[in-house]
Amino acid sequence: MKRITLVLLLLCSMFTIDQTYAQQNFKNWAKTPPMGWNSWDCYGSSVTEAEVKANADYMASNLKPFGWEYIVVDIRWFVENDKAGGYNQTDPKYVIDKFGRYLPALNRFPSAADGQGFKNLAKYIHAKGLKFGIHIMRGIPTLAVKEKMPIMGTKYTADQIYSTDLQCKWLTDNYTIDATKPGAQEYYDSIMKLYASWGVDFIKVDDLSRPYHQGEIELIRKAIDKTGRPIVLSTSPGETPIEKAEHVQQHANMWRMVDDVWDTWPHITHLINVAQPWAPYIKPGTWPDCDMIPLGRISIRGERGGDRASRLTKDEQQVLMTFFTIFRSPLMFGGDMPSLDPFTTSLLTNKAVLKMHRESTDVKFLFNDRKKVAVTSTNAKTGQHYLALFNLSDEPDPKEISVKLSDLGINKVPKVTNSWTGKVVQNDGKQITVNLKPHSCVLYEIK
């Protein structure tokens, strides 16, 4: 009896060690903030394989040397007849297998024929030295529930694990999965096993954050760990509750702080204000997410507005990129890369700014009165300090913004360089002062 008890205790201990290892190991998959492209801002829910490949080709040839590597197919890749400017929820034609798992629509992703799923598209992207990602909605398809589809490898069916409670209000493809039901974990295991077999490297799971679906997040984390494949997990969208910070940090690589960020100034100012309390949670492997970068040519078939260049001014675009990078947010570009213009390209390929984004630590807001904002970080490897100053005001006159160098821990005259322009900025060794016009910023590297 004692021997049996000892064996059981040993097995339990091994399981605990395995679970702890898996929990910590996933943070190694995104030691620096992920950088890539997502199809949503350009193509909404109707992106095609040809468009994905065109953007992958461009990234591989032009942006990969700067750290850009993920190609992510966003929402509803399993619907044959979706539309621009919203979703077809009247008569969607879903593509789904007998186990209630969505498959790519062949009229949009022809390489998925013969049961290949996204395997061939992932292989194409991997061959270019890039990584492949997909978007999914949390939960289980309403169609699988209606038809009582079996959950792969179990005696359970879809109708035994669903709940109508907290069903997504803006897209009703899926029902909530009740995390307490037998078969719930097995369903998530089945879809993650499928995605791993396709070669997926990144999964954005939607409608998890508001309200915060803790049970489903835990199911998803376990399911990814079981695949043995390093798949980056992004939770989305909405304002993740700050009181859930420690939980989401132990389950996801990145999580959204706000709803979708589009190319309007109020979206940017709202983001900056919401982000402030999240700064202490910026850690290697786990990143508060500012959302996609709505720059360049967007909304070719997007959700909001027509085909256009970003409506943000050049100063506002620099504000966006400065905040995203000093805050160390994941960078997911939303514009059509083959259409990139020189100015947008300069924002995506500035080596000094991207070095800060990749290597800095200890992100802090020095002050934020909703008009004047100062954010700082440091580079532990080089001893450099970084300082971003923002004038978010709508008032027409420029504002003087000053920061004492002693507040940065600097007590002698440093070398100060404008990170965007590379120009050296004179200082008196006591403070840095700048006059900024409305909706503009500066980013300094201080040695």
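Residues numbered from 1 in each chain as written. Predicted model: local features only at pLDDT ≥ 70, side-chain atom pairs only at ≥ 80, totals over all residues. Heavy atoms only, no water.

(A) Broad picture of the UniProt feature "domain: Alpha galactosidase C-terminal" (unreviewed entry) in the protein chain. Those places that UniProt annotates as "domain: Alpha galactosidase C-terminal" (unreviewed entry) correspond, in this numbering, to residues 373-446. Along residues 373-446 one finds 0% helix and 50% strand; the C-alpha atoms at either end are 18 Å apart. (UniProt positions renumbered as here; feature names shortened; annotations may be inferred. Helix = DSSP H or I, 4+ residues; strand = E, 2+ residues; numbered from the N terminus.)

(B) Local environment of helix α4 (residues 119-126). Buried within α4 we find L121, A122 and I125. When α4 is viewed along its axis, its buried side chains cluster within an angular range of 100° and face the same direction. Buried residues in α4 make contact with α3 (49-63), β2 (70-73), β3 (131-137) and α6 (184-198). (Buried < 20%, exposed > 50% of the residue type's maximum accessible area, 1.4 Å probe, protein only. Arc of directions from axis to C-beta. Contact = heavy atoms within 4.5 Å.)

(C) Here's a closer look at the domain arrangement of the protein chain. Taken as a whole, the protein chain is organised into domain 1 (26-359) and domain 2 (367-446). When each unit is reduced to the centre of its C-alpha atoms, the spacing between domain 1 and domain 2 is 33 Å. In this assembly, 21 residues from domain 1 lie in contact with 25 residues from domain 2. Taken over both partners, the interface formed by domain 1 and domain 2 buries close to 2000 Å², and the fraction arising from carbon and sulfur atoms is 65%. (Domains from an automatic or database assignment. Buried area = accessible area lost by both parts, 1.4 Å probe.)

(D) Structural view of the nonpolar core. Grouped together as the largest cluster of nonpolar side chains are 122 residues, with contacts concentrated most on W68, W77, Y195, F323 and F327. In this view, W77 contacts Y102, L103, P104, A105, R108, F109, F118, I134, H135, I136, Y195 and W198; residues no more than four positions away in its chain are not counted. (Core = buried A, V, L, I, M, F, W, Y, C linked by side-chain atoms within 4.5 Å.)

(E) Representation of the sheet that holds strand β5 (residues 162-163) within the structure. Pairing is antiparallel in the open sheet, where 3 strands are placed in the order β4-β6-β5. The sheet is open, and its two borders are formed by β4 (140-141) and β5, each paired with just one other strand. Bridge count for β5 against strand β6 (residues 174-177) is 2 bridges, and the pairing is antiparallel. The partner of Y162 across the bridge, within β6, is I177. (Pairing = 2+ DSSP bridges.)

(F) Spatial organisation of the pairing of strand β15 (residues 372-378). Of all 7 residues making up β15, 5 are buried, and the element is well covered by its neighbours. For strand β14 (residues 361-368) and β15, the ladder comprises 5 bridges, and the chain directions are antiparallel. Pairing of T361 across the sheet is with T378, part of β15. Here β14 hands over to β15 after 3 residues, with R370 in that stretch at a positive phi of 75°. Taken together, the 7 bridges between β15 and strand β16 (residues 385-391) define a ladder with antiparallel strand orientation. Paired with V373 across the two strands is F390, which belongs to β16.

(G) Region of the structure containing the pattern of salt bridges. Tallying each qualifying case throughout the model produces 27 salt bridges. The partner of D82 in a salt bridge is R76, with the nearest N and O atoms 2.9 Å apart. For the pair formed by D82 and R76, the shared burial category is buried. Here E395 ties to K371 by a salt bridge, and the two come within 2.6 Å at their closest N and O atoms. Of this pair, E395 sits in the loop between β16 and β17 (399-404) while K371 sits in the loop between β14 and β15, placing them 24 residues apart in sequence. Among the ionic contacts, a cluster of salt bridges with common partners joins R76, D82 and D173. (Salt bridge = Lys/Arg side-chain N within 4 Å of Asp/Glu carboxyl O.)

(H) Fine view of α6. In a regular helix each residue adds 1.5 Å, so 15 residues correspond to 21 Å; α6 covers 22 Å between its end C-alpha atoms and thus fits that length. For α6, the full list of buried residues reads A184, Q185, Y187, Y188, D189, S190, I191, M192, L194, Y195, A196 and W198. Taken together, the buried residues of α6 touch α4, β3, β4, β6, β7 (202-206) and α7 (214-227). Immediately beyond the C-terminal end of α6, within one or two residues, lies G199, with a positive phi of roughly 95°. (Expected span 1.5 Å × (residues − 1).)

(I) Here's a closer look at the packing of aromatic side chains. By the definition in use, this model includes 20 aromatic pairs. Relative to W278, the ring of W255 has its centre 5.9 Å away and its plane inclined at 55°; by these criteria the two rings are tilted. Taken together, the residues span a long stretch of sequence, with W255 in strand β9 (residues 254-256) and W278 in the loop between α9 (265-275) and β10 (287-289) at a distance of 23 residues. Accessibility assignment for this pair places W255 and W278 in one class, buried. Considering the side-chain rings of F323 and F327, the 5.2 Å spacing of their centres and the 20° angle between planes classify their relative orientation as stacked. (Phe/Tyr/Trp six-rings, centres within 6.5 Å; stacked < 30°, edge-to-face > 60°.)

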